[in-house]
Amino acid sequence: AVAVLIGIALRKTALYVARKIVRLQHKDMSFELLSQKTLLKCSHIIPPVVFLCLIPFAFPSDHQTHHWILRLAGVYALITFAIAICAIMEFAWVRFDERENTENHPLKGVLNVGRGLVWIIIFIISVSVLIDKSPMTLLAGLGAFATALMLIFKDSILGFVAGIQLSNNDMLRVGDWIVVPSTIANGIVVDVTLTVVKVRNWDNTIVMLPPYTLVSTSFQNWRGMQDSGYRLFNRSIYIDQATIQPATDQMLDQVVKTYPMMEEFVATRKAAKEKGEGNTYNPSTLPNGTIDTNLGLFRAYICQYLLHHPQVGVGQDLLVKLEAACEYGQPLNIYFYSKITSWTQYAALGSEIYEHIAVAAQTFGLTLYNAPDRNHFTVSSQPEASTQTQQAS
């Protein structure tokens, strides 16, 4: 009892002095030592060590009880030693992860492996202390249980190997937005451990994935888009083919009057056409389009609008092109890169551009497709009839 009390008193005294010294340093490392309770975890080793030093005074050296007390106290000391080693490893890992791991490589699996090795070694030594045998003898006997150990630690072994592959190939980092098609994972990686990868979906649900799932199957990582600073916008609108008409001089004048940015394009195309260079001559400084049809003018206007938009990437691919006609009309594909990568702002930008294009199409005499096709038919109600009839518009 005296040995236990002395050990507790020394532990509290040493912990108090150590905390005072650490607080006087006023460094980030001092704050992390206190916040992670590293000193507290390391101080647990003091009571069993003091107990081991003082217990021989209570019993003769050849007393049977003395041997068992020493063994039990030795096991307790080994456990506290393992706790201290793990606390130091965790502190070192946190320091490295915050200061050196600038690319957020998933290195937590290495910490977990280190912890596992420490506890396996402590367990073997503790058993050897209790049975009073050499640890080498115990290790030799473990060979017969190799198959069972492989089955027990299968997930840990696969997770460790997968973690090394993910880290070495820079496939995954904490904070990446990933999409795993074979699962419901679609969100931000919040943690990567030895046995699980935690993904927070956009609805704030957490999806748990084994690390080897990301290695054995394909997944999409959006980090490249975020690092480049540009996000692809690729959407098609459908034009009613019946509204595509030849562009008259009156239409050209009206377009130039409504949209002054089109004046240079129209004038250049007229001059090229008079020289016989063709209406499709397209210097790199001019937008893609023609002056033969209202659809060609509309394509040119969309290019001009996007080139002058402050949130459209300059120097990136920008296309406004026609695709093969289908049952919905004539597809007009709009392809460009925006400077906005965040989800909400990107969605707002896409909505803004689509709304502007939908309204501008009316100026060029074009109609967007709707289903059912109310562009050609209207539904009217006859007061004297009980049914509705369709009339040509």
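To keep things clear, this report deals only with the structure shown in the data block. (Residues numbered from 1 in each chain as written. Predicted model: local features only at pLDDT ≥ 70, side-chain atom pairs only at ≥ 80, totals over all residues. Heavy atoms only, no water.)

## Observations concerning the overall build of the chain
- Broken down by element type, the chain carries 15 helices and ten strands.
- Looking at the 393 residues of the chain, the share that counts as buried comes to 35%.
- Contacts spanning at least 24 positions in sequence make up 60% of the contacts within the chain whose residues lie at least 6 apart.
- Total accessible area on the chain is roughly 23,100 Å²; 60% of this is exposed by carbon and sulfur atoms. (Helix = DSSP H or I, 4+ residues; strand = E, 2+ residues; numbered from the N terminus. Buried < 20%, exposed > 50% of the residue type's maximum accessible area, 1.4 Å probe, protein only. Contact = heavy atoms within 4.5 Å. Areas by Shrake-Rupley, 256 points an atom, 1.4 Å probe, with all protein chains shown as cover.)

## Some points on the sheet that holds strand β8 (residues 330–338)
- Spatially, β6-β8-β7 is the arrangement adopted by the three strands of the open sheet, whose pairing is antiparallel. Strand pairing shows two members of the sheet lacking a second neighbour, β6 (231–239) and β7 (319–322), which therefore form its edges. Within the sheet, the average angular offset between the axes of one strand and its neighbour, ignoring direction, is 15°.
- In this sheet, β8 lies alongside β6 in antiparallel orientation, the contact comprising nine bridges. The residue bridging Phe 233 from the neighbouring strand is Phe 336, located in β8.
- Lying on the sheet, helix α15 (residues 343–363) is in contact with β6 and β8; it crosses β6 at an angle near 30°. (Pairing = 2+ DSSP bridges. Axes fitted to C-alpha atoms, helices over the stretch in contact; angles between N-to-C directions.)

## Remarks on a nonpolar patch on the surface
- Taken together, the side chains of Val 2, Ile 6, Leu 10, Leu 54 and Phe 57 present a nonpolar region at the surface, about 490 Å² in accessible area.
- The element best represented in the nonpolar patch is helix α1 (residues 2–25), accounting for three residues. (Patch = residues over 30% accessible without salt bridge, like charges linked within 9 Å, V, L, I, M, F, W, Y side chains within 5 Å. Salt bridge = Lys/Arg side-chain N within 4 Å of Asp/Glu carboxyl O.)

## Observations regarding α1
- Over its 24 residues, α1 extends 35 Å from the first C-alpha to the last, a length consistent with the 34 Å expected when each residue adds 1.5 Å.
- Turning to α1, its buried residues are Ala 3, Gly 7, Arg 11, Leu 15 and Val 22.
- Those residues of α1 hidden inside the fold are in contact with α2 (28–35), α3 (38–43) and α4 (46–54). (Expected span 1.5 Å × (residues − 1).)

## Comments concerning the nonpolar core
- With 37 residues, the main nonpolar core has Ile 239, Met 262, Leu 297, Phe 298, Leu 306, Phe 336 and Phe 364 as its most contacted residues.
- Elements with a minimum of two residues in this core: β6, α12 (249–258), α13 (263–274), α14 (294–307), β8 and α15.
- Sort the elements by how many residues they give to this core and α14 lands first, with nine residues.
- Residues Ile 178, Ala 185, Val 207 and Leu 209 belong to the second largest nonpolar core, which totals 13 residues. (Core = buried A, V, L, I, M, F, W, Y, C linked by side-chain atoms within 4.5 Å.)

## Re the packing of aromatic side chains
- Throughout the structure, instances matching the rule amount to 13 aromatic pairs.
- Judged by centre distance (5.3 Å) and plane angle (85°), the ring pair of Trp 177 and Trp 202 falls under edge-to-face. Taken together, the positions of Trp 177 in strand β1 (residues 177–179) and Trp 202 in the loop between β3 (197–201) and β4 (206–209) put the pair 25 residues apart, joining distant regions of the chain.
- Exposure remark for Trp 177: the relative accessible area of 9% places this residue in the buried category.
- Seen in terms of ring centroids, Trp 177 and Trp 222 are 4.4 Å apart; in terms of plane orientation they differ by 10°. Their pairing is stacked. Here Trp 222 lies in the loop between β5 (220–221) and α11 (223–228) and Trp 177 lies in strand β1, a separation of 45 residues in the sequence.
- Taken together through their ring pairs, the aromatic side chains of Tyr 259, Phe 298, Tyr 301, Tyr 305 and Phe 364 make up a single cluster.
- Cation over ring: Arg 71 sits above Trp 68, and NZ or CZ is 4.9 Å from the ring centre.
- Positioned over the ring face of Tyr 346 is Arg 231, at 4.2 Å from the centre of the ring. (Phe/Tyr/Trp six-rings, centres within 6.5 Å; stacked < 30°, edge-to-face > 60°. Lys NZ or Arg CZ within 6 Å of the ring centre and 35° of its normal.)

## Observations concerning the pairing of strand β2 (residues 186–192)
- Counted residue by residue, β2 has five buried out of seven residues, so it is predominantly covered.
- Of the strand pairs in this sheet, β1 and β2 are connected by three bridges, and their pairing is antiparallel. Looking across to β2, one finds that Val 179 is bridged to Asn 186.
- Taking the residues between adjacent antiparallel strands as the criterion, β1 and β2 are bridged by six residues.
- Direction of pairing for β2 relative to β3: antiparallel, over a ladder of five bridges. By the bridge assignment for β3, Gly 187 is matched with Asn 201.
- Connecting the antiparallel pair β2 and β3 is a turn made up of four residues.

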